[in-house]
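Coordinate inspection notes
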Amino acid sequence: FIKSSVFINPSNFENYGQSIAEALSYNIPVVISKNTPWDKVVEKNCGWLLCDGNKNLMKTLEIVLLESQDNLKKMGLNSSKLISKLNPEIINEKTLEIYNQLQNAKA
């Protein structure tokens, strides 16, 4: 990931897409299927979605290859914002908070 400018995963189904999350965590824009849980990549300007069984793959790759390195870097920075809520420390904190709430409700 460190030397990549863009991550391309044309898989038509990903239940979570760990490799997509990992690419996003490395500040890399992604080209992924809309059949993943990461459909906000377009809205957050950190990637492109492939549609209809990836029929737009070639057209999307043409667009990606014409992007400047500066724009790809800017998109990559948006990637980390998209996954910021997936920070393990934040998830642990929220899990403990819910656990404590449940414990207090039983008392």
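The structure under discussion appears in the preceding block.
To start, this report covers the structure provided alongside it. What you see is a predicted model, and the numbers here were worked out from it, not measured in a lab.

1. Some thoughts on unusual backbone geometry
If you check the backbone angles, Asp-52 has positive phi at about 45 degrees while not being a glycine. Within the fold, Asp-52 resides in the loop between strand 3 (47–50) and helix 2 (57–66). Not every positive phi belongs to a glycine, and Asn-54 is a case in point at roughly 70 degrees. Secondary-structure assignment places Asn-54 in the loop between strand 3 and helix 2.

2. Observations regarding the pairing of strand 3
A two-sided burial pattern is seen for strand 3, the buried positions comprising Gly-47 and Leu-49 on one face and Trp-48 and Leu-50 on the other. Inspection of the sheet shows strand 2 (residues 30–33) paired to strand 3 by four bridges, in the parallel sense. Within strand 3, the position partnered with Val-30 by the bridge is Gly-47.

3. Focus: the pattern of salt bridges
Counting across every chain of the model gives one salt bridge. Lys-40 is the partner of Glu-43 in a salt bridge, and the nearest nitrogen-oxygen pair spans 3.8 Å.

4. Here we look at the pairing of strand 2
Alignment of strand 1 (residues 7–9) against strand 2, held across three bridges, turns out to be parallel. Bridging across to strand 2, Phe-7 finds its partner in Val-30. A crossover links strand 1 with its parallel partner strand 2, the connecting element being helix 1 (residues 18–25), and its sense is right-handed.

5. Things to note about the nonpolar core
Among the nonpolar cores identified, the biggest contains 14 residues, and Ile-20, Leu-24, Val-30, Ile-32, Trp-38 and Val-41 are the most heavily contacted of them. Put simply, the parts of the chain that give this core at least two residues each are helix 1 and strand 2. Ranked by residues supplied to this core, first place goes to helix 1 with four residues. Judged by nonpolar contacts, the second largest core, of six residues, contains Trp-48, Leu-50, Val-64 and Met-75.

6. With respect to the layout of surface pockets
For the largest pocket, the calculated volume is near 200 Å³. If you trace the largest pocket, you find it lined by Pro-37, Trp-38, Asp-39, Lys-40, Lys-44, Lys-81, Leu-82, Ile-83, Ser-84, Lys-85 and Leu-86. In terms of residue class, the lining of the largest pocket is made up of five nonpolar, one polar and five charged.

7. Here's the deal with the sheet that holds strand 1
Strands belonging to one sheet form pairs held by backbone hydrogen bonds; the direction of such a pair is parallel or antiparallel. If you walk across this open sheet you meet the three strands as 1-2-3, and the pairing is parallel. On the outer flanks of this sheet lie strand 1 and strand 3, each paired with one strand and no other. Averaged over neighbouring strand pairs, the angle between their axes works out to 15 degrees when direction is ignored. Across the sheet, helix 1 lies against strand 1 and strand 2, angled at about 170 degrees from strand 1, the strand it touches most. Where helix 2 meets the sheet, it contacts strand 1, strand 2 and strand 3, and its direction lies at approximately 170 degrees from that of strand 3.

8. A word on the packing of aromatic side chains
All chains considered together, the criterion is met by two aromatic pairs. With a centroid separation of 5.3 Å and an interplanar angle of 25 degrees, the aromatic rings of Phe-1 and Tyr-26 are classed as stacked. With Phe-1 in the segment before strand 1 and Tyr-26 in the loop between helix 1 and strand 2, this residue pair connects regions lying 25 residues apart in the sequence. The class for Phe-1 is partly exposed, based on a relative accessible area of 32%. Accessibility expressed as a relative area gives 40% for Tyr-26, which makes it partly exposed. Taken together through their ring pairs, the aromatic side chains of Phe-1, Phe-7 and Tyr-26 make up a single cluster.

Definitions and cut-offs
Residues numbered from 1 in each chain as written. Predicted model: local features only at pLDDT ≥ 70, side-chain atom pairs only at ≥ 80, totals over all residues. Heavy atoms only, no water. Helix = DSSP H or I, 4+ residues; strand = E, 2+ residues; numbered from the N terminus. Buried < 20%, exposed > 50% of the residue type's maximum accessible area, 1.4 Å probe, protein only. Pairing = 2+ DSSP bridges. Salt bridge = Lys/Arg side-chain N within 4 Å of Asp/Glu carboxyl O. Right-handed = clockwise from strand over helix to strand, strands pointing away. Core = buried A, V, L, I, M, F, W, Y, C linked by side-chain atoms within 4.5 Å. 1 Å grid on protein atoms, 1.4 Å probe; cavity = no way out; pocket = protein on both sides within 12 Å on 5 of 7 lines; lining within 4 Å. Points joined across faces, edges and corners; volume = space filled by probe spheres on them. Nonpolar A, V, L, I, M, F, W, Y, C, P; charged D, E, K, R; others polar. Axes fitted to C-alpha atoms, helices over the stretch in contact; angles between N-to-C directions. Contact = heavy atoms within 4.5 Å. Phe/Tyr/Trp six-rings, centres within 6.5 Å; stacked < 30°, edge-to-face > 60°.

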